[in-house]
Amino acid sequence: MNRALRWLALTTAMGMYVVLLQGALVTNTGSANGCGRSWPLCHGRFLPAYALETLIEFSHRAVSGLVGLMVLVVAVWTWRVLRHRPAVRVLAPISVLSLILQSGLGALAVLWPQPKMVLALHFGISLISFTAVLLLAVLVFQADRTDKPGTSAPISTRLRRWIWLVAGYLYIVAYTGAYVRHTGSDLACLDWPLCDNGRFLPPLTGAAGVHVLHRLIAGAAILLVARLLYLAWQERQQRPDLYRGAMGALVLIMAQAAAGATVVLSHLALAARMTHATLVIGLFGVVSYLCLQATAAAAAVPEGRPVFGD
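Residues numbered from 1 in each chain as written. Predicted model: local features only at pLDDT ≥ 70, side-chain atom pairs only at ≥ 80, totals over all residues. Heavy atoms only, no water.

Asker: Any chance you could explain empty space enclosed by the protein here in plain terms?
Answerer: As enumerated under the stated definition, the model contains 2 cavities of 30 Å³ or more in all. The calculated volume of the largest cavity comes to roughly 70 Å³. Looking at the largest cavity, the residues that line it are F123, V173, A174, G177, A178, R181, H214, Q256, H276, A277 and V280. Secondary-structure elements contributing two or more residues to the lining of the largest cavity are α5 (157–182) and α8 (270–296). Ranked by residue count, the leading element in the lining of the largest cavity is α5, at 5 residues. Taken together, the residues of the lining of the largest cavity break down into 6 nonpolar, 4 polar and 1 charged. Taken as a whole, the second largest cavity holds about 30 Å³ of empty space. Listing elements by their share of the lining of the second largest cavity, those giving two or more residues are α5 and α8. For the lining of the second largest cavity, the element with the highest residue contribution is α8, accounting for 3 residues. (1 Å grid on protein atoms, 1.4 Å probe; cavity = no way out; pocket = protein on both sides within 12 Å on 5 of 7 lines; lining within 4 Å. Points joined across faces, edges and corners; volume = space filled by probe spheres on them. Helix = DSSP H or I, 4+ residues; strand = E, 2+ residues; numbered from the N terminus. Nonpolar A, V, L, I, M, F, W, Y, C, P; charged D, E, K, R; others polar.)

Take a look at the structure:
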């Protein structure tokens, strides 16, 4: 595989990670209107006057534009050299289409006020775009390698379905977290893990309802990932890669929960909020990688056959 494509794909995946973190920084610092109602220019100028909010928003736009061009090049280049891989035929179009949709939602949010549910969706679309580019980079790096033992062995249908279930559920967790931020519900509960005054369930209306709902959904996600690790442990002899990935996912989601608690207990310290965003992006990337590895495996074990390790 062309070395230039490898490093471009890797750099682009890292660039998309930076773009997501910049988007989180824009939201967490209230810099969404740093360029006013002007897009793609900033206050009607290509190089705006200095102000912290303007710098944060404008740098996010500049990096997003540059990385967007890199995504387009990687998608086309990967398609040309690896289009025989079914995953590439899916991921390359998704990386481009999700990037266009992400940019469009960002522009609409600047030009016209959008409902909070739509603003939260922007982060979700960004996650899909990042994941598509990340997995394209993985496929590029895997292209010249013969299958290593334990990276393409059959897995049970149960494990494969659970991996995809966890990935879909984590997307919901990420969306509800973004909705909490955009609705300003971060401090609707001032305690953790309880809400206020020792209550676990306050009246589930308004901001408190949004906050508690996200906590409950995120708590269930920990249980789902823990079961994923158990299922992967059962098949660890055949697929140690999935076992290691599931273990990493559990570590990340526990760290994310701790960061979420720190966000509340620190009364929205910026470092805590950015750590929380960093971890959720990394967690989604790891689980998406598990989806790719599980899908690329040989045919799943037919229903009714013993699960490996039982």
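Having seen it, we continue.
Asker: Would you mind showing me how to read the pattern of salt bridges here?
Answerer: When the charged atoms of two side chains with opposite charge come close together, those side chains can pair. Evaluated as defined, the whole model comprises 2 salt bridges. As a salt-bridge pair, E57 and R61 come within 3.0 Å of each other at their nearest N and O atoms. Note that E57 and R61 are positioned in helix α2 (residues 52–82) at a spacing of 4 residues, about one turn of the helix. D241 is the salt-bridge partner of R239, the closest N and O atoms lying 2.8 Å from each other. Residue classification places D241 among the buried positions, given a relative accessible area of 6%. (Salt bridge = Lys/Arg side-chain N within 4 Å of Asp/Glu carboxyl O. Buried < 20%, exposed > 50% of the residue type's maximum accessible area, 1.4 Å probe, protein only.)

Asker: Please clarify how the packing of α5 against helix α6 (residues 206–234) should be interpreted in this entry.
Answerer: Angle between the axes and distance between the axes: these two values describe a pair of packed helices. Axis separation between α5 and α6 bottoms out at 9 Å; the angle between their running directions is 160 degrees. Classed by the angle they form, the pair α5 and α6 counts as roughly antiparallel. Considering only the axes of α5 and α6, their crossing is left-handed. When the residues that make up the contact of α5 with α6 are grouped by side-chain class, the tally is 20 nonpolar, 5 polar and 2 charged. (Axes fitted to C-alpha atoms, helices over the stretch in contact; angles between N-to-C directions. Parallel < 35°, antiparallel > 145°, perpendicular 65-115°, else oblique. Left-handed = near helix turned anticlockwise from the far one by under 90°.)

Asker: For this particular structure, what's the right way to read the side chain of S129?
Answerer: Along the chain, S129 turns up in helix α4 (residues 116–142). Of the residues examined, S129 reaches a relative accessible area of 0% and is grouped as buried.

Asker: Sorry, what's going on with a nonpolar patch on the surface here?
Answerer: Taken together, the side chains of V90, I94 and I128 define a hydrophobic patch exposed on the protein surface, amounting to about 210 Å² of accessible area. Examined against the element boundaries, I128 turns out to sit in helix α4. The class for I128 is partly exposed, based on a relative accessible area of 31%. (Patch = residues over 30% accessible without salt bridge, like charges linked within 9 Å, V, L, I, M, F, W, Y side chains within 5 Å. Areas by Shrake-Rupley, 256 points an atom, 1.4 Å probe, with all protein chains shown as cover.)

Asker: So what exactly am I meant to see when it comes to the packing of aromatic side chains here?
Answerer: Each aromatic ring pair is specified by the distance between its two centres and by the angle formed by the two planes. Under the counting rule described, the total for this entry stands at 5 aromatic pairs. Relative to Y179, the ring of Y175 lies with its centre 6.5 Å away and its plane at 15 degrees, an arrangement referred to as stacked. In this pair, Y175 and Y179 are both assigned in helix α5, 4 residues apart and thus about one turn of the helix distant. Between the NZ or CZ atom of R181 and the centre of the ring of F123, over which it lies, the distance is 5.4 Å. Positioned above the aromatic ring of W162 is the side chain of R227, whose terminal nitrogen or guanidinium carbon lies 4.9 Å from the ring centre. (Phe/Tyr/Trp six-rings, centres within 6.5 Å; stacked < 30°, edge-to-face > 60°. Lys NZ or Arg CZ within 6 Å of the ring centre and 35° of its normal.)

Asker: Looking at this structure, how should I read the packing of helix α1 (residues 3–28) against α2?
Answerer: The N-to-C vectors of α1 and α2 enclose an angle of 150 degrees; their axes lie 8 Å apart at closest approach. Taken together, the axes of α1 and α2 are roughly antiparallel relative to one another. As for the relative orientation of α1 and α2, their crossing is left-handed in sense. For the contact of α1 with α2, the per-class residue count stands at 18 nonpolar, 9 polar and 1 charged.

Asker: Would you mind showing me how to read the nonpolar core here?
Answerer: What tends to happen in soluble globular proteins is that the nonpolar side chains get buried as a cluster. Counting 59 residues, the largest nonpolar core has F123, L159, I163, V166, L170 and L228 as the members making the most contacts within it. Of all elements in the fold, only α1, α2, α3 (86–111), α4, α5, α6, α7 (240–265) and α8 reach the threshold of two or more residues within this core. (Core = buried A, V, L, I, M, F, W, Y, C linked by side-chain atoms within 4.5 Å.)

Asker: Help me understand the environment of T278 in this model?
Answerer: Tracing the chain through its elements places T278 in helix α8. Each C-alpha atom of the pair T278 and A24 lies 9.0 Å from the other, and the pair is 254 residues apart in sequence. Not counting chain neighbours up to four residues away, the residues in contact with T278 comprise Y17 and L21. Within the structure, T278 has its side chain in polar contact with the backbone oxygen of M274 (distance 2.8 Å). (Contact = heavy atoms within 4.5 Å. Polar contact = N/O pair within 3.5 Å; in protein donor to acceptor, adjacent residues only side chain to side chain.)

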